[in-house]
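# Working through the structure, step by step
Listed here are the chains, written in short residue letters.
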Amino acid sequence: MKLLLDSTRCQGYGLCQEPAPEQIDLDEWGYAQLRVGDVPPDGEEAALAAVASCPNSALRLVK
């Protein structure tokens, strides 16, 4: 599974980082930055929670 970020949709709420801190960092203004694109099997649940937490649908998972 791969985690993708559409940075043009990110509004810097930072909600995505809380459920997946191993996969998502926040820059100095609170905008998401991916740490890794490929989600490890033990991180899939956290990645799904991060995608669900984004109010602007800036994150998505693809297989």
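Everything numeric in this text was worked out from a predicted model, so none of it was measured.

### Let's talk about the nonpolar core
- Within the largest apolar cluster, 13 residues are counted, with the highest numbers of intra-cluster contacts made by Leu3, Cys16, Ala20, Ile24, Ala32, Ala50 and Leu59.
- Here this core gets three residues from one element, more than from any other, and that element is helix H1 (residues 44–53).
- Discounting chain neighbours no more than four positions away, the residues touching leucine 59 are Leu3, Leu4, Leu5, Cys16, Ile24, Leu34, Ala50, Val51 and Cys54.

### Here's the deal with the pattern of salt bridges
- Under the definition given, this model contains two salt bridges.
- For lysine 2, the salt bridge identified is with aspartate 38, shortest N-O distance 3.1 Å. A residue pair is termed long-range when its members are at least 10 positions apart, and lysine 2 in strand S1 (residues 2–5) and aspartate 38 in the loop between strand S3 (32–34) and H1 qualify at 36 residues.
- Of the residues examined, lysine 2 reaches a relative accessible area of 34% and is grouped as partly exposed.

### Some remarks on the environment of glutamine 23
- Structurally, glutamine 23 is set in the loop between S1 and strand S2 (24–26).
- Glutamine 23 sits in the buried class, given a relative accessible area of 2%.
- Beyond its immediate stretch of four places on either side in the chain, glutamine 23 contacts Leu3, Gln33, Leu34, Arg35, Val36, Val39, Gly43, Ala46 and Ala47.

What counts and what doesn't
Residues numbered from 1 in each chain as written. Predicted model: local features only at pLDDT ≥ 70, side-chain atom pairs only at ≥ 80, totals over all residues. Heavy atoms only, no water. Core = buried A, V, L, I, M, F, W, Y, C linked by side-chain atoms within 4.5 Å. Buried < 20%, exposed > 50% of the residue type's maximum accessible area, 1.4 Å probe, protein only. Helix = DSSP H or I, 4+ residues; strand = E, 2+ residues; numbered from the N terminus. Contact = heavy atoms within 4.5 Å. Salt bridge = Lys/Arg side-chain N within 4 Å of Asp/Glu carboxyl O.

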